[in-house]
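# Residue-level structure breakdown
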Amino acid sequence: MLDLGYVREHFDAIEKMARDRGITLDLAPFREIDTERRQLITSAERLKAERNRANEEIAGKKRSGEDATSILALMKEVSDRLKRDDVRIAELDERLKQFLLTVPNIPHASVPVGKSAAHNVEVRRWGAPPKFDFKPRPHWEIGEGAGILDFQAAVKIAGARFAVYKGLGARLERALANFFLDLHTREHGYTEILPPFLVNTASLTGVGQLPKFAADMFHVEGTDLWLTPTSEVELTSLHRDETLDADKLPEKVCAWTACFRSEAGAAGKDTRGIKRQHQFQKVELFKFTRPEQSYDELELLVKNVEVVLQRLGLHYRVMLLCTADMGFASAKTYDIEVWLPSAGEFMEISSCSNTEAFQARRSGIRCKQKAGKSEFVHTLNGSGLAVGRTWIAIAENFQQADGSIVIPEVLKPYMGVDRIPVLAK
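Here the structure is a predicted model, which means the values were calculated and not measured.

What counts, and at which threshold
- Residues numbered from 1 in each chain as written.
- Predicted model: local features only at pLDDT ≥ 70, side-chain atom pairs only at ≥ 80, totals over all residues.
- Heavy atoms only, no water.
- Helix = DSSP H or I, 4+ residues; strand = E, 2+ residues; numbered from the N terminus.
- Rg over C-alpha atoms; globule rule 2.2 N^0.38 Å.
- Buried < 20%, exposed > 50% of the residue type's maximum accessible area, 1.4 Å probe, protein only.
- Contact = heavy atoms within 4.5 Å.
- Areas by Shrake-Rupley, 256 points an atom, 1.4 Å probe, with all protein chains shown as cover.
- Lys, Arg positive; Asp, Glu negative; His and termini not counted.
- Charge placed at Lys NZ, Arg CZ, Asp CG, Glu CD.
- Pairing = 2+ DSSP bridges.
- Axes fitted to C-alpha atoms, helices over the stretch in contact; angles between N-to-C directions.
- Phe/Tyr/Trp six-rings, centres within 6.5 Å; stacked < 30°, edge-to-face > 60°.
- Lys NZ or Arg CZ within 6 Å of the ring centre and 35° of its normal.
- Core = buried A, V, L, I, M, F, W, Y, C linked by side-chain atoms within 4.5 Å.
- Parallel < 35°, antiparallel > 145°, perpendicular 65-115°, else oblique.
- Left-handed = near helix turned anticlockwise from the far one by under 90°.
- Nonpolar A, V, L, I, M, F, W, Y, C, P; charged D, E, K, R; others polar.

## Description of the overall build of the protein chain
- Along the backbone of the protein chain there are 13 helices and 17 strands.
- Expected size for 425 residues packed as a compact globule is a radius of gyration near 22 Å; at 28 Å, the protein chain overshoots this value by more than 25%.
- Taken over the C-alpha atoms alone, the protein chain extends approximately 110 × 45 × 40 Å along its principal axes.
- Relative to its 425 residues, the protein chain shows a buried fraction of 49%.
- For the protein chain, restricting intrachain contacts to residue pairs at least 6 apart in sequence, the fraction spanning at least 24 positions comes to 73%.
- Accessible area for the protein chain stands at about 20300 Å²; split by element, carbon and sulfur atoms hold 51% of it.
- Separation between the mean location of the 59 positive side-chain charges and that of the 60 negative ones in the protein chain comes to 1 Å.

## A look at the sheet that holds strand S12 (residues 345-354)
- The strand order across the open sheet built from eight strands is S1-S10-S11-S12-S15-S9-S8-S4, with neighbouring strands paired in mixed fashion. Single-partner strands in this sheet number two, and they are strand S1 (121-126) and strand S4 (191-193). The average undirected angle you get between the axes of adjacent strands in this sheet is 25°.
- Bridge analysis of strand S11 (residues 332-340) against S12 gives nine bridges, and the strand direction is antiparallel. For Lys332, the partnering residue across the bridge sits in S12 and is Asn354.
- Against the sheet, helix H7 (residues 168-186) makes contact with S4, strand S8 (251-260), strand S9 (279-289) and strand S15 (378-386), and its axis sits at roughly 10° relative to S9, the strand it touches most.
- Its contacts with the sheet place helix H12 (residues 387-397) against S8, S9, S11, S12 and S15, and it is angled at close to 35° to S15.

## Considerations on the packing of aromatic side chains
- Per the stated rule, a full pass over the model turns up twelve aromatic pairs.
- Joined through ring pairs, the aromatic side chains of Phe11, Phe30 and Phe99 make up one cluster.
- When the ring centre of Phe11 is taken as reference, the NZ or CZ atom of Arg31 above it lies at 4.1 Å.
- Positioned above the aromatic ring of Phe376 is the side chain of Arg366, whose terminal nitrogen or guanidinium carbon lies 4.1 Å from the ring centre.

## Re unusual backbone geometry
- The linkage connecting Leu210 with the following residue, Pro211, adopts the cis geometry, with an omega of 5°.
- Residue placement: Pro211 occurs in the loop between helix H8 (201-207) and strand S6 (225-227).
- In this model, Gly384 is joined to Leu385 through a cis peptide bond whose omega is 20°.
- Among the secondary structure elements, Leu385 is positioned in strand S15.
- Residues other than glycine seldom take positive phi values, yet Arg161 does so here, at roughly 65°.

## Thoughts on the nonpolar core
- Of all hydrophobic cores here, the largest spans 54 residues; its most connected members are Leu176, Phe180, Leu312, Ile336, Ile394, Leu411 and Ile420.
- Considering every element that reaches this core, the biggest residue donor is H7, with nine residues.

## Brief notes about the packing of H7 against helix H10 (residues 294-312)
- The N-to-C vectors of H7 and H10 enclose an angle of 130°; their axes lie 11 Å apart at closest approach. With respect to H10, the axis of H7 lies oblique. Along this stretch, H7 crosses H10, giving a crossing that reads as right-handed. Packed against H7, whose contacting residues are Leu176, Phe179, Phe180, Leu183 and His184, the element H10 presents Asn304, Val307, Val308, Arg311 and Leu312 at the interface.
- Residue classes in the contact of H7 with H10 are distributed as seven nonpolar, two polar and one charged.

## Some remarks on the pairing of S8
- With seven of its ten residues buried, S8 lies for the most part within the structure.
- Summarising the sheet, S4 and S8 pair through three bridges and their orientation is parallel. Residue pairing for S8: Ile193 is matched across the bridge by Ala255.
- By the bridge criterion, ten bridges tie S8 to S9 in an arrangement that is antiparallel. Within the sheet, the bridge partner assigned to Val253 lies in S9 and is Phe286.

Shown next as structure tokens:
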């Protein structure tokens, strides 16, 4: 959430942000509400000063035995007016808050202005696409051929956009998550967290998922609980409404969770396979930082993600997203995209963002040095990695002509096998 004072004083910057993000943002209601609110506050302050003077006059009259009835009657009217104004001010405060909750973050100055993903900027690449002497198959064909993916069973259990992993396919999913967590905790300095997979409305509002993206999530009927869309939600709320010791920042945490998304508006998009599912697993990286260190920490966050792909031997590229392709809460985002041989193109496998103070202001997370004033922390998040999409990348990039999958060297201790064979015919 943006600061109320900033929005009030920087309409030009807010309007430019909306244009750059390619969204429609009507500031007229904000102006009307804010103007009425400030007028009422000014009026209330004047009436309170008038009441204070009158109270002194009433006290003087009572001491001298004079009649203060007329002044008392007038002050009752003033008190009634103040009560009505206080109620109205509270209503306007809530309307301003609800408006601000729908305003996206302002992109950092280094973010390229663009109208779509076509205007994202490639920063670097690593590795090269694998070469095959056969036509590479898509992951769903490989998975079904090896008997490690079962979509029909998933439909019976839950419906479309779910998958059942079997045997070595299930073990590969688990191996990837364990490898990610071991790498980030042992080498990159993150503390592992295992949070609830159900989150409340306050937690979702704090990160910017609510109120704007309610249709993208699953709500548990009759409760204040939702299935988590990403553990960024839980990790942010570890410190909701707290003041952190600035000298102990950055604080780095990571979590493996299942994630649940309704994929509203994604009909007909990536319907084959496991690329876009209602349920998927992800290892999330998260940082609480001081404002002055957040952009250095963003670059380190991206490097942490790149190390995973390098250890796995997967060809990837890093993309700096343009203004129109960034998430609602982000001030700057890098996408890391991995190569998919079957499609001959890159697929997003991680998104690393600095939200600056946007989430911290919504969540009430501050930091304070011993001899300084408190300020909102900056929060950063990134997938380190999305487990299912890494599963896809390994199946496709390490597939063999006979339909088997060679296991990358770093995963062999987790898998206990060198390859996933095809089903015997």
